[in-house]
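# Remarks on the overall topology
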Amino acid sequence: MELTNKTVFITGSSRGIGWGIAKAFAQAGANIVLNGRNEIPTEKITEIEAFGVKCTSICGDISSFDDAGKMIKTCEETLGSIDILINNAGITKDQLLLRMKPEDFDAVMAINLKGTFNMTQQVLKKMMKKRAGVIINLSSVVGLIGNVGQSNYAASKAGVIGFTKAVAREVAPRGITCNAIAPGFIKTDMTAELNEKVKEQMEGQIPLKCFGSVEDVANAALFLAQNSYITGQVLNVDGGMVM
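Here the structure is a predicted model, which means the values were calculated and not measured. In every chain, residue numbers begin from 1 and rise along the written sequence. Local features are withheld for residues below a pLDDT of 70 in this predicted model, meaning they are given only at 70 or higher, and side-chain atom pairs are given and counted only at 80 or more; totals for whole chains, interfaces and linings count all residues. As a rule here, side-chain values cover all heavy atoms of the structure and leave hydrogens and water aside.

## Thoughts on the side chain of S139
The condition that has to hold: Working definition: helices are DSSP H or I runs of at least four residues, strands are E runs of at least two. Numbering for both runs from the N terminus. Throughout, a residue-residue contact means that at least one pair of heavy atoms, one from each residue, lies within 4.5 Å.
The residue S139 is located in the loop between β5 (133-138) and α5 (142-145) in this model. Apart from residues lying up to four places away in sequence, S139 is in contact with K157, V160, I161, I181, A182 and P183.

Structural data, given as structure tokens:
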């Protein structure tokens, strides 16, 4: 898909990987919808608009089906129908399974998996009519190989992969692609807070012996968005962790 003047809705895009994706697509000429639960700072919108594209912010809770519908309707009223949906928003509530609270399991599933369903189902209505569209879901290597203390997160991200493959089969006849990206250890504000010993241990698990960057993930999203003959795939951006 040619990205110039296309409308890209990125959930959870006020910081981290989502923000990096937003900047990458803006540089490629796409109009951007920034999203989060809280109000997006105006300077973020200004930074995106500096690329010569349109940008708006729409707040809401993706775990709410009604909120998802309202956000998509608001986008259509301001920037037009959504050409590319990137389901990036996600949370963690880590704990060993025997100590995990049921409400923490439910909260992670509600955002990471149900939120992906909520946004995807509602955006597909217009995409199916146009017979065009791109959906990119952010999974994780944890959804492929698991991780101690993250049974809720791993389950949600594994669910995203299954969801991606099923949706890809359903919508392919209408010219819509649906893929997933599974990042490994990526340099973000969260990983920056880790002590050096922990970072060294984590890097030891990576064949390339270093963390990836937000730009690495953003470039993967750009690649998938622009390739109309790739669908139903999981692209690992992980330095070789899951090879």
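Here the narrative resumes, following the displayed structure.
## Points about the UniProt feature "domain: Ketoreductase" (unreviewed entry) in the chain
Operational definition: UniProt positions are given in the numbering used here, feature names are shortened, and annotations may be inferred rather than shown by experiment.
UniProt records the feature "domain: Ketoreductase" (unreviewed entry) for residues 6-184 in the present numbering. End C-alpha to end C-alpha, residues 6-184 measures 28 Å, and it is 49% helix and 18% strand.

## Quick look at the packing of aromatic side chains
Spelled out, the test is: To pair, rings of Phe, Tyr and Trp, with the six-membered ring standing in for Trp, must have centres within 6.5 Å; the planes then decide the type, stacked if under 30 degrees apart, edge-to-face if over 60, and tilted in the middle. When a residue's accessible area, from a 1.4 Å probe over protein chains only, is under 20% of the maximum for its type it is buried; when over 50% it is exposed; and in between it is partly exposed. Here, a charge over a ring is recorded when the distance from Lys NZ or Arg CZ to the ring centre is within 6 Å and its angle to the ring normal is within 35 degrees.
In the structure shown here, the tally under the stated rule is 2 aromatic pairs. Arranged with centres 6.3 Å apart and planes meeting at 25°, the rings of F65 and F117 form a pair that is stacked. Here F117 lies in helix α4 (residues 102-130) and F65 lies in helix α3 (residues 65-78), a separation of 52 residues in the sequence. Overall, the relative accessible area of 30% leaves F117 in the partly exposed class. Plain terms: the ring middles of F185 and F211 are 5.8 Å apart, the flat faces sit at 35° to each other, and that makes the pair tilted. Residue F185 is located in the loop between β6 (176-183) and α7 (189-192), and its partner F211 is located in the loop between α8 (196-203) and α9 (214-226); the two are separated by 26 residues in the primary sequence. Classification of F185 by relative accessible area gives partly exposed; the value is 23%. Classification of F211 as buried rests on a relative accessible area of 8%. Geometry around W19 places K44 over its ring, the cationic atom sitting 4.2 Å from the centre.

## Considerations on the sheet that holds strand β2 (residues 31-36)
Sheet strands line up and pair through hydrogen bonds in the backbone, either parallel or antiparallel. Let me state the cut-off plainly: A pair of strands counts as paired when DSSP detects no fewer than two bridges linking them. Fitted lines through C-alpha atoms give the axes, limited to the stretch in contact for helices. The angle between two N-to-C directions lies from 0 to 180 degrees.
Reading across from one edge, β3-β2-β1-β4-β5-β6-β7 is the order of the 7 strands in this open sheet, with parallel pairing throughout. The open sheet is flanked by β3 (55-59) and β7 (234-237), the only strands paired with a single partner. Averaged over neighbouring strand pairs, the angle between their axes works out to 20° when direction is ignored. Of the strand pairs in this sheet, β2 and β3 are connected by 5 bridges, and their pairing is parallel. The residue of β3 that forms the bridge with N35 is I58. Along the sheet, α4 makes contact with β1 (7-10), β4 (84-87), β5 and β6, crossing β4 at roughly 175°. Here helix α6 (residues 151-171) sits on the sheet and contacts β5, β6 and β7; the angle it forms with β6, its principal contact strand, is near 160°.

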